[in-house]
Amino acid sequence: MSRLFPLAFVTDHYAGESKLIAVIACVLIILGGIVFFLLYLEKRIKKLEEEADLRT
Amino acid sequence: MKYRFIEQSWWKWLGVLFLGYVFTAGFWVPLRPGILHAVPGTIGAGGIFHMEITSYNSAYEKPEDVRVFLKYGSGQTLELTEVDVIDRNRLQVAGTLPHYMSTNQTAEDLSMIIHDRQTGYQVMPSAITVTRSETSLSNEHINWITELPAEGTEWTFAFPFRSILYETIRNTFFHVAIWMAMFVLLIVSLTYSILYLRSKDLLHDAVAASFAHVAVVLGITGMITGSIWARYTWGTYWTNDPKLNLSAVAMLIYLAYSILRSSITSDDQRARLSAVYNVFAFMAMIPLVFIIPRLTSSLHPGNGGNPALGGEDMDHTLRMVFYPAIIGYTILGVWISSIVFRIRRLQLHYITSDLQNS
């Protein structure tokens, strides 16, 4: 079992160091995607809050 | 001014930083070396034996750097006389096992200890079984007294090697940390439910509902990661274990909270009933998740006598990733909850405006 256990379905295929870096990069990109989606949502909400005069 | 904190961004970026560190270190840091198995697993006392040892993540190079010991009882240690390095992870060893053992058992489990000058100690409890046809009491006991090397090795940032768990110990940063974050969110939700019951402020109810809903999502994510872990450690995605079943019940109780909210149309009635329900749901969760599994036998670490966050499973290297993971997931959960809350606040505002206009 490789150290990529949490991605169990890809485990041993990605056991090499370079592929490990690739998988870590993919995970960080997914995290980045979630973060930018949340930032986008905040931007939209901020606009609506300004329209509704709800800014604190 | 009350909710200004949710519009600030520094803590959100702090959470992202923590999670980036957790994902990188959680995957990247290797496991310490450990013994996987020794073949044959059973040897007879009173003769020469040969054995092949397979280790994990070790880096054997020169035979003179490696010493192998067998141990039983307190301090009964025997050093094997011949050690050959097959490759980085395999050793061929040989030794003479005396007839004498200080027990009357005809079969005794022995621990194996390997000391490598490069990487330090590897220990495997009950690595082999020694069988004896006779329990002779000759004067061979002197063979069983060997001093273990006192020299240490340099500290390296590596996770502990634990039998059965192996690489799955990394799930501590995902499954366990996500559930810890879920508990933090549920405590916030409970607090705001109580605040609502005191103040009757619908914004307090909106905060409570937002945190409870995001906590349920974290809970389900924690169950999925736990289930994948179980598949690789126990051989099945789900088993009839009190900890698993009662955690599922706790999740269902919180899912019912969402159903309850969506089934009531009046804002005040919904807020009042769901606040009371939330208090009871939290009180029900404590015995379901924390108390009952500890009173019964359970496979799950941390229950039924199985260690979890104690010295047996956790060490400082794990904690260096585990604690940031809890903080990171909690911040992410609070961030998502704050967005859900702001949407609810907008809805409340428009509903109130519509009522005033009509």
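Heads up: the structure comes first, above all this text.
Computed from a predicted structure; not experimentally measured.

Trainee: Sorry if this is basic, but what is going on with the overall build of chain A here?
Mentor: Helix and strand counts for chain A come out as one helix and zero strands. Expressed as a percentage of the 56 residues in chain A, the buried residues total 38%. When the accessible surface of chain A is totalled, it reaches about 3,500 Å², and 65% of it is carbon and sulfur.

Trainee: Even after reading the chapter, I still don't get the packing of aromatic side chains, so can you show me in this structure?
Mentor: Remark: the centre distance and the inter-plane angle together describe each pair of aromatic rings, the angle taken between the planes. Residues and elements named next belong to chain B. A full pass over the atoms with the stated rule returns 13 aromatic pairs over all chains. Between Trp179 and Phe183, the ring centres sit 5.7 Å apart and the planes meet at 75°, which makes this aromatic pair edge-to-face. Here Phe183 and Trp179 lie together in helix H2 (residues 175–199), a separation of four residues that amounts to about one turn. Accessibility expressed as a relative area gives 9% for Trp179, which makes it buried. With a centroid separation of 5.1 Å and 75° between ring planes, the pair formed by Trp229 and Trp234 is classed as edge-to-face. Of the residues examined, Trp229 reaches a relative accessible area of 9% and is grouped as buried. Grouped by ring-pair contacts, the aromatic residues Phe5, Trp10 and Trp11 constitute a single cluster.

Trainee: It is not clear to me how the sheet that holds strand E4 (residues 66–72) of chain B should be interpreted in this structure. Could you clarify?
Mentor: Two pairing modes exist for strands in a sheet, parallel and antiparallel, and in both the strands are linked by backbone hydrogen bonds. All names here are of chain B. Strands sit in the order E2-E9-E8-E4-E5 across an open sheet of five strands; the sheet is mixed. Here the strands that pair on one side only, and so sit at the sheet edges, are strand E2 (42–44) and strand E5 (76–79). For this sheet the average axis-to-axis angle between neighbouring strands, irrespective of direction, equals 35°. Across six bridges, the pairing between E4 and strand E8 (residues 107–116) is antiparallel. Each residue of the ladder has a partner; that of Val68, found in E8, is Ile114.

Trainee: How do you make sense of the pairing of strand E7 (residues 90–97) of chain B when you look at a structure like this?
Mentor: Within a regular strand, the side chains alternate between the two sheet faces. All names here are of chain B. Of the strand pairs in this sheet, strand E3 (residues 47–56) and E7 are connected by eight bridges, and their pairing is antiparallel. Each residue of the ladder has a partner; that of Ile48, found in E7, is Thr96. Pairing of strand E6 (residues 82–87) with E7, which is carried by five bridges, proceeds in the antiparallel orientation. Counted as the bridge partner of Val85 is Leu91 from E7. Hairpin connection from E6 to E7: two residues lie between these consecutive antiparallel strands.

Rules used in this analysis
Residues numbered from 1 in each chain as written. Chains lettered and ligands numbered in written order. Predicted model: local features only at pLDDT ≥ 70, side-chain atom pairs only at ≥ 80, totals over all residues. Heavy atoms only, no water. Helix = DSSP H or I, 4+ residues; strand = E, 2+ residues; numbered from the N terminus. Buried < 20%, exposed > 50% of the residue type's maximum accessible area, 1.4 Å probe, protein only. Areas by Shrake-Rupley, 256 points an atom, 1.4 Å probe, with all protein chains shown as cover. Phe/Tyr/Trp six-rings, centres within 6.5 Å; stacked < 30°, edge-to-face > 60°. Pairing = 2+ DSSP bridges. Axes fitted to C-alpha atoms, helices over the stretch in contact; angles between N-to-C directions.

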